[in-house]
Amino acid sequence: MKRYITAMTVAILTMCMATAAMAFSGGAGITADEALARLKEGNTRYVAGAAVAPHQDAARRHETAVGGQHPFATVLSCADSRVPVEVLFDQGVGDVFVVRVAGNVANTDEIGTMEYGAEHLGAPLVVVLAHTKCGAVTAVVKGEHVTENIGKLVAPIVPAVASVKSRFATDDLAELINRSIEANMWQAIADTYAKSPLLKKMAADGKIKVVGALYDIDSGDVHWFGEHPSNAALLAK
Ligand SMILES: [Zn+2]
């Protein structure tokens, strides 16, 4: 009897450990760092003109249609037509769960979608991908007149730009725009944590990793910034 209980306990413990490992590595079966490496490798291939365009055939469509989707990363990026996320990371069908919106802002709809990618689909990595020459950020920096709907859309960019303007007294418009694009990337991560108790807890528990990156629309290169500089403080709020 004792031996039976011990064997059963071991079996249950093994199951629990397997479940914990699965939760950490997400539905894709890889960790956040492995997911990050996969995106880095894909972008390197893309920049080198050596893209392999994986997972874009009928077999992959059928596999994901029947077996469901298990993307390994959630990416929040801009709607800009020069930022085709699957292309620049050299990925295909069912690989990345992409949210695209002008200025890669993290508002209710975007955050809800990111929550689905992270929690329901189990993608262990969340990337906020900003890009050079972003029109939405530029419009806010220049204080351009926009429609009522666009005004609401770009509202989350306003504090990021205001922060840059208060910290850097410069007449160099290009510098202001570049700094604002980076600040807006961090703003989206901070907004995500502030508005999503779920994603904040998942990040604090190590179930997801949230990183910022900047795509250069000319060179094709993605610069990786890593986690928010105040990540620990934001997660502790
Ligand atoms: Zn943009």
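Here's what I pulled together on the structure shown here. (Residues numbered from 1 in each chain as written. Predicted model: local features only at pLDDT ≥ 70, side-chain atom pairs only at ≥ 80, totals over all residues. Heavy atoms only, no water.)

## Regarding the coordination of the zinc ion
Taken together, the protein ligands of the zinc ion are Cys-78 (SG), His-131 (NE2) and Cys-134 (SG), with distances of 2.1 to 2.3 Å. We note that the donor set of the zinc ion lies within a single chain, spaced as C-x52-H-x2-C. Of the two residues, Cys-78 sits in the loop between strand 1 (73–77) and helix 4 (85–88) while His-131 sits in strand 3 (residues 125–131), which places them 53 residues apart along the sequence. (Donors = N, O, S within 2.8 Å, 3.2 Å for Na, K, Ca; no water. Helix = DSSP H or I, 4+ residues; strand = E, 2+ residues; numbered from the N terminus.)

## Some words on the pattern of salt bridges
Per the counting criterion, the structure on display carries eight salt bridges. Salt-bridge contacts for Asp-90 lead to Arg-45; the nearest nitrogen and oxygen are separated by 2.7 Å. Placement of Asp-90 in the loop between helix 4 and strand 2 (96–100) and of Arg-45 in helix 2 (residues 32–47) is noted, with a sequence separation of 45 residues between them. Glu-63 is the salt-bridge partner of Arg-60, the closest N and O atoms lying 3.4 Å from each other. Of this pair, Arg-60 and Glu-63 both sit in helix 3 (residues 58–67), three residues apart, which is roughly one turn of that helix. (Salt bridge = Lys/Arg side-chain N within 4 Å of Asp/Glu carboxyl O.)

## Digging into the sheet that holds strand 1
One open sheet accounts for five strands, arranged 2-1-3-4-5; its pairing is mixed. Each having just a single partner strand, strand 2 and strand 5 (222–226) make up the two edges of the open sheet. Strand-to-strand, the axes of this sheet are offset by a mean angle of 25°, without reference to chain direction. Note that strand 3 and strand 4 (residues 209–215) share seven bridges and pair parallel. When the bridges of strand 4 are listed, His-131 appears paired with Tyr-215. Contacting strand 1, strand 2, strand 3, strand 4 and strand 5, helix 2 crosses the sheet at an angle of about 35° to strand 3. Of the strands in this sheet, strand 1, strand 3, strand 4 and strand 5 are in contact with helix 9 (residues 173–195), which crosses strand 4 at around 160°. (Pairing = 2+ DSSP bridges. Axes fitted to C-alpha atoms, helices over the stretch in contact; angles between N-to-C directions. Contact = heavy atoms within 4.5 Å.)

## A closer look at the packing of aromatic side chains
Counted according to the given criterion, the structure contains three aromatic pairs. Relative to Tyr-116, the ring of Phe-97 has its centre 5.9 Å away and its plane inclined at 35°; by these criteria the two rings are tilted. A residue pair is termed long-range when its members are at least 10 positions apart, and Phe-97 in strand 2 and Tyr-116 in helix 5 (residues 108–120) qualify at 19 residues. According to the relative accessible area criterion, Tyr-116 is partly exposed, its value standing at 40%. (Phe/Tyr/Trp six-rings, centres within 6.5 Å; stacked < 30°, edge-to-face > 60°. Buried < 20%, exposed > 50% of the residue type's maximum accessible area, 1.4 Å probe, protein only.)

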